[in-house]
Amino acid sequence: MILDEEVFAVVMAIVIIGSILGAVIYIRPMGSGESFVALSILNERCKMGEYPRQIIENSNITLCLSIYNHMGKPIYYKVVYKIGTNTTLPTNTTASPEKPILSWRGVVYDDANNTFLINVPVYVPGNYSPDRIALIFELWIYDTSRDEWVYTGIWNHLYVKVIRG
Amino acid sequence: MRRSSLNKFLLVISLLLMIFLAIPTYTTAQSIDSGIDNIDKEVSDVVRDLEYLYGRGIDVSNLTESLNKLIINWSRDPNNTYYLIQLQKIRSEIDSLKKNAESIYLSSMITRYLVAGLILSVPAVVYFALPRLYLFLWFRSRRRWIVVERRSK
């Protein structure tokens, strides 16, 4: 044989593995793989960093929220805004016990993100120390099979010092 | 005596005023809450349908974007019935897509498995075609060669 048998065997092995991988990737169902959502707090220019650190009490600050969806389907979400301290932060399983102040709702397509500016009031609730107040943003998703909002375990917080006027 | 009755009158008036002032505030707060709940109720069906259509391989990105804009505006003004009409328009688009969803899904599945079959048949094609192609190219590249008998020393 003019074509070397060993070379031919190697070529065939590569082609077989490649075709199997290609077929599997092609017929893989939509939305397979790890599904997740992400929430980011950005500054007023919708960039990371340069967050406000000192805020006058009862004033509003402008931030930017970004929600990314990789759940393999469009999702109906809400971001809930709360004010608390390091003792009342949410966890991966439970939302913060603080009272919701504002919320933003929206629908985001799979593998897409929604980025928008928000304006939030800042004050010191109860007897908390104004030196370290946490602005908490929790991500909730509407579970259409149970018809209720479900806390995703995804949250972000921003520590600020509130200056009393 | 006259003074005490005047005081009572003022007290009753102030109480009535407080009640009248309190009622609209309470009603507004209630209606905003119930309004947002109402949005959830109305939107959840549409989101469920979008999930279904997406699962059937139909591109609903434009409808999702329209719904997103609608929700953002509706959240700012939950009692505005204009948004219900807009939602109804999205619903009707979804309904028309749902009618063809199963046939679209079936045809996309057939196409998908046919393409996968074609990809899997590539090794067979390579097995039979590659040696022949190699031979063809080998001979073609040597077609101007002249075979000369080697002279023995």
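Heads up: the structure comes first, above all this text.
Treat the numbers as computed from the prediction; the structure is a model and nothing was measured.

(A) Region of the structure containing the interface of chain B and chain A. Contacts between chain B and chain A engage 37 residues on the former and 33 residues on the latter. Summed over both partners, the interface of chain B with chain A buries about 3100 Å², with 72% contributed by carbon and sulfur atoms. Broken down residue by residue, the surface that chain B buries against chain A is led by B:Glu51, B:Tyr54 and B:Arg112, which jointly contribute 21%. Where chain B meets chain A, there are three salt bridges. Between B:Arg48 and A:Asp147 there is a salt bridge whose closest N-O contact spans 2.9 Å. Applying the counting criterion to the chain B and chain A interface returns 11 residue pairs in polar contact (both at pLDDT 80 or more).

(B) Seen up close, the pattern of salt bridges. Residue and element names in this part refer to chain A. Summed over all chains, the structure comprises 12 salt bridges over all chains. Among the salt bridges present, the one from Glu138 reaches Lys82, with a minimum N-O distance of 3.0 Å. Note that Glu138 is positioned in strand β7 (residues 133-143) and Lys82 in strand β4 (residues 75-84), a separation of 56 residues in sequence. No difference in accessibility class separates Glu138 from Lys82, as the two residues are buried.

(C) Layout of the nonpolar core. Counting 29 residues, the largest nonpolar core has A:Leu65, A:Val79, A:Trp104, A:Leu135 and A:Phe137 as its most contacted members. Secondary-structure elements contributing two or more residues to this core are β1 (36-42), β3 (59-70), β4, β5 (102-108), β6 (112-122), β7 and β8 (148-163) of chain A. Within the second largest apolar cluster, 27 residues are counted, among which are A:Val107, A:Trp149, A:Tyr151 and B:Leu67.

(D) Geometry of helix α4 (residues 122-141) of chain B. A bend of about 35° at B:Ala129 is the largest found in α4(B), and the proline B:Pro131 appears one to four places after it. What α4(B) keeps buried is the set B:Pro123, B:Val126 and B:Pro131. On its buried face, α4(B) sits against α1 (5-27) of chain A together with α3 (82-120) of chain B.

(E) Representation of the environment of A:Phe137. Position of A:Phe137 among the secondary structure elements: in strand β7. Between the C-alpha atom of A:Phe137 and that of A:Gly84, which follows or precedes it by 53 residues, the distance is 11 Å.

(F) A look at the environment of B:Ser75. Here B:Ser75 is to be found in helix α2 (residues 61-76). Among the residues examined, B:Ser75 registers a relative accessible area of 23% and is labelled partly exposed. Distance in space between the C-alpha atoms of B:Ser75 and B:Gln86 is 14 Å, their sequence separation being 11 residues. Setting aside its immediate chain neighbours within four residues, B:Ser75 contacts A:Arg105 and B:Ile39. There is a polar contact of 2.7 Å between the side chain of B:Ser75 and the backbone oxygen of B:Ile71.

(G) Quick peek at the pairing of β7(A). All names here are of chain A. Within β7, 10 of the 11 residues are buried, leaving the element largely enclosed by the surrounding structure. Bridge analysis of β4 against β7 gives eight bridges, and the strand direction is antiparallel. Residue pairing across strands places Gly84 opposite Ala134, the latter belonging to β7.

(H) Up close: a nonpolar patch on the surface. A surface patch of nonpolar side chains, amounting to about 340 Å² of accessible area, comprises A:Ile16, A:Ile20, A:Val24 and B:Leu120. Among the elements that line the nonpolar patch, the one with the most residues is α1(A), at three residues. Looking at the element boundaries, A:Val24 is found in helix α1.

(I) Representation of the packing of aromatic side chains in the model. Under the counting rule described, the total for this entry stands at 14 aromatic pairs over all chains. Taking the centre distance of 5.7 Å and the plane angle of 45° together, the rings of A:Tyr76 and A:Tyr142 count as tilted. Within this pair, whereas A:Tyr76 is found in strand β4, its partner A:Tyr142 is found in strand β7, the two being separated by 66 residues in sequence. Taken together, the ring pairs in this structure connect A:Phe8, B:Tyr127 and B:Phe128 into an aromatic cluster. Here the basic side chain of B:Arg56 rests over the ring of B:Tyr105, its NZ or CZ set 4.0 Å away from the ring centre.

What counts, and at which threshold
Here the residue numbers are simple positions, counted from 1 along each chain's written sequence. Here the convention is simple: chains get letters from A, ligands get numbers from 1, in the order in which they are written. In keeping with the predicted nature of the model, local features appear solely for residues at pLDDT of at least 70, side-chain atom pairs appear and are counted solely at 80 or more, and the whole-chain, interface and lining totals rest on all residues. Water and hydrogen atoms were dropped before computing side-chain values, which therefore reflect all heavy atoms in the structure. In what follows, a contact means two residues having at least one pair of non-hydrogen atoms within 4.5 Å. Two parts placed together each lose some accessible area; with a 1.4 Å probe, that loss summed over both constitutes the buried area. Each salt bridge in this description consists of a side-chain nitrogen of Lys or Arg and a carboxyl oxygen of Asp or Glu lying within 4 Å of one another. In protein, a polar contact means a hydrogen-donor-capable atom and an acceptor-capable atom, both N or O and within 3.5 Å, with residues adjacent in sequence counting only if both atoms are side-chain atoms; elsewhere, any N or O pair within 3.5 Å suffices. Secondary structure elements follow DSSP: runs of H or I no shorter than four residues count as helices, runs of E no shorter than two count as strands, and numbering proceeds from the N terminus. Burial classes: relative accessible area under 20% of the type maximum marks a residue as buried, over 50% as exposed, and values in between as partly exposed (1.4 Å probe, protein chains only). To qualify as a nonpolar core, a set must consist of buried Ala, Val, Leu, Ile, Met, Phe, Trp, Tyr and Cys residues joined through side-chain atoms within 4.5 Å. The seven residues ending at a residue and the seven starting there each receive a fitted axis; the angle between those axes is the bend at that residue. The rule for pairing is simple: two strands pair if DSSP sees at least two bridges between them. Grouping into patches uses exposed residues only, defined as over 30% relative accessible area, and leaves out salt-bridged ones; the cut-off is 9 Å for like charges and 5 Å for nonpolar side chains (Val, Leu, Ile, Met, Phe, Trp, Tyr). Every accessible area reported is derived by Shrake-Rupley at a probe size of 1.4 Å, with residue values counting cover from the shown protein chains alone. What counts as a ring pair is set by centres within 6.5 Å for rings of Phe, Tyr and Trp (its six-membered ring), and what kind of pair is set by the plane angle: stacked under 30 degrees, edge-to-face over 60, tilted for all other angles. When the NZ atom of lysine or the CZ atom of arginine is within 6 Å of a ring's centre and also within 35 degrees of its normal, the charge is said to sit over that ring.

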